[in-house]
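# An overview of the molecular structure
The residues making up each chain are set out below.
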Amino acid sequence: MAGHSQFKNIMHRKGAQDAKRAKQFAKIIRELTVATRSGLPEPGSNPRLRSAITAAREVNMPKDTIDRAIKKASGAAGGEDYIEVRYEGYGPAGVAVIVEGLTDNRNRTASDVRAAFSKYGGSMGEANSVSFMFRRLGVITYPISVASEDDMLEAAIEAGADNVVSSGTTHEITCEIEAFFTVRDSLETRFGEPENAKLDWRPENTISLDEDNARTLFKLLDVLEDHDDVQNVYANFDLSDELAEKLSA
């Protein structure tokens with residue numbers, strides 16, 4: 001698998017996840033805050049909030065923590081105000097990178113992201129300078145055990161999805177972003193809550209990397225991922241199986 005998912009898999013195998021747990025929770029609480037304010041504080045009436053709650057459960061966030069975040073965001077005081085931001089640029093070897101964030105200080109975040117690109121041999125570009133190299137999709141994932149390949153494909157197509165890829169462990173359903181909530185809700189009615197449901201950037205083409213460029217790129221991606229204001233990072237790179245295994249060691 002190329003790009004962001006491969007990076008995440010390698011970082012996960014490197015360990016040190018416990019140290020990032022609090023930071024991960026903080027990022028999800030920001031999304032819960034913004035999602036709550038984007039509509040009603042009830043998941044049944046707020047699709048974005050339902051997606052945020054699913055993401056919170058995926059990382060085992062306690063229910064009372066989720067409930068407190070929603071209550072705080074829907075209260076009179078409301079807590080912090082966050083702005084949605086997106087930055088685009090190029091990393092080592094011309095790899096295209098998209099950075100999505102939620103920030104209470106746009107200038108600070110832009111400065112930090114630009115500095116990270118520069119430090120690791122890249123450059124931050126203008127808006128939409130690399131996003132044309134990606135396709136924006138809705139992605140819904142179920143464990144392979146919930147349905148046969150044929151049943152999942154049939155249900156997904158009926159719901160309005162574009163494609164289903166079934167592997168040894170999961171069914172991955174993709175759809176246009178306009179159909180995302182409709183497809184997710186339809187599948188949830190039939191198969192229960194998905195393992196994951198989100199909007200994603202998928203590269204149209206990828207750039208193969210050698211070891212030196214891969215190591216530098218991963219340093220950049222790791223710094224970006226670790227930033228408090230950054231929610232998601234995507235990149236259009238590809239690694240050979242041998243190199244991926246070496247970097248995971």
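Look up: the structure comes first, before these words.
All figures in this text were calculated on a predicted structure; none of them were measured in a lab.

Turning next to a negative patch on the surface. A cluster of acidic side chains, namely E149, D150, D151, E154 and E158, defines a negative patch on the protein surface. The topology assignment puts E158 in helix 6 (residues 149-159).

Turning our attention to the side chain of D200. Turning to its location among the elements, D200 is positioned in strand 7 (residues 196-203). When its relative accessible area of 4% is taken as the criterion, D200 is described as buried. Within the local environment of D200, its side chain forms a polar contact with the side chain of R202, the two groups lying 3.0 Å apart. With residues near it in sequence (within four places) discarded, D200 still touches R135, R136, L137, V139 and Y234.

Per the stated rule, a full pass over the model turns up 20 salt bridges. D228 is the partner of K23 in a salt bridge, and the nearest nitrogen-oxygen pair spans 2.6 Å. On the criterion of sequence distance, the pair formed by K23 in helix 2 (residues 17-37) and D228 in the loop between helix 8 (211-226) and strand 9 (230-235) is long-range, its members being 205 residues apart. Here K23 falls in the partly exposed class, since its relative accessible area comes to 25%. Owing to a relative accessible area of 43%, D228 belongs among the partly exposed residues under this scheme.

Ordered by their spatial adjacency, four strands build an open sheet running 5-6-4-7, and the pairing between neighbours is antiparallel. The open sheet has two edge strands, strand 5 (163-166) and strand 7, and neither has a second partner. Put simply, the sheet's adjacent strands are angled 30° from each other on average, direction ignored. Two elements, strand 4 (residues 134-143) and strand 6 (residues 170-176), share seven bridges in a ladder whose sense is antiparallel. Paired with P143 across the two strands is T170, which belongs to strand 6. Packing of helix 7 (residues 180-191) onto the sheet brings it into contact with strand 4, strand 6 and strand 7, and relative to strand 4 it is tilted by some 10°.

What follows covers the environment of P92. If you trace the backbone, P92 turns up in the loop between strand 1 (83-90) and strand 2 (96-103). Judged by its relative accessible area of 5%, P92 falls in the buried class. If sequence neighbours within four positions are ignored, P92 has contacts with Y120, G121, L209, N213, T216, L217 and L220.

Further remarks concern helix 8. Spanning 16 residues, helix 8 covers 22 Å between terminal C-alpha atoms, matching the ideal 22 Å at 1.5 Å per step. Restricting attention to buried positions, one finds in helix 8 the residues A214, L217, F218, L220, L221, L224 and E225. Buried residues of helix 8 fall within an arc of 165° about the axis and therefore sit on the same side. Within helix 8, the exposed residues directed more than 90 degrees away from the buried face are D212 and K219. Where helix 8 begins, the capping side chain belongs to D210, and its oxygen is found 3.4 Å from the backbone nitrogen of D212.

Cut-offs used in this document
- Residues numbered from 1 in each chain as written.
- Predicted model: local features only at pLDDT ≥ 70, side-chain atom pairs only at ≥ 80, totals over all residues.
- Heavy atoms only, no water.
- Patch = residues over 30% accessible without salt bridge, like charges linked within 9 Å, V, L, I, M, F, W, Y side chains within 5 Å.
- Areas by Shrake-Rupley, 256 points an atom, 1.4 Å probe, with all protein chains shown as cover.
- Salt bridge = Lys/Arg side-chain N within 4 Å of Asp/Glu carboxyl O.
- Lys, Arg positive; Asp, Glu negative; His and termini not counted.
- Charge placed at Lys NZ, Arg CZ, Asp CG, Glu CD.
- Helix = DSSP H or I, 4+ residues; strand = E, 2+ residues; numbered from the N terminus.
- Buried < 20%, exposed > 50% of the residue type's maximum accessible area, 1.4 Å probe, protein only.
- Polar contact = N/O pair within 3.5 Å; in protein donor to acceptor, adjacent residues only side chain to side chain.
- Contact = heavy atoms within 4.5 Å.
- Pairing = 2+ DSSP bridges.
- Axes fitted to C-alpha atoms, helices over the stretch in contact; angles between N-to-C directions.
- Expected span 1.5 Å × (residues − 1).
- Arc of directions from axis to C-beta.

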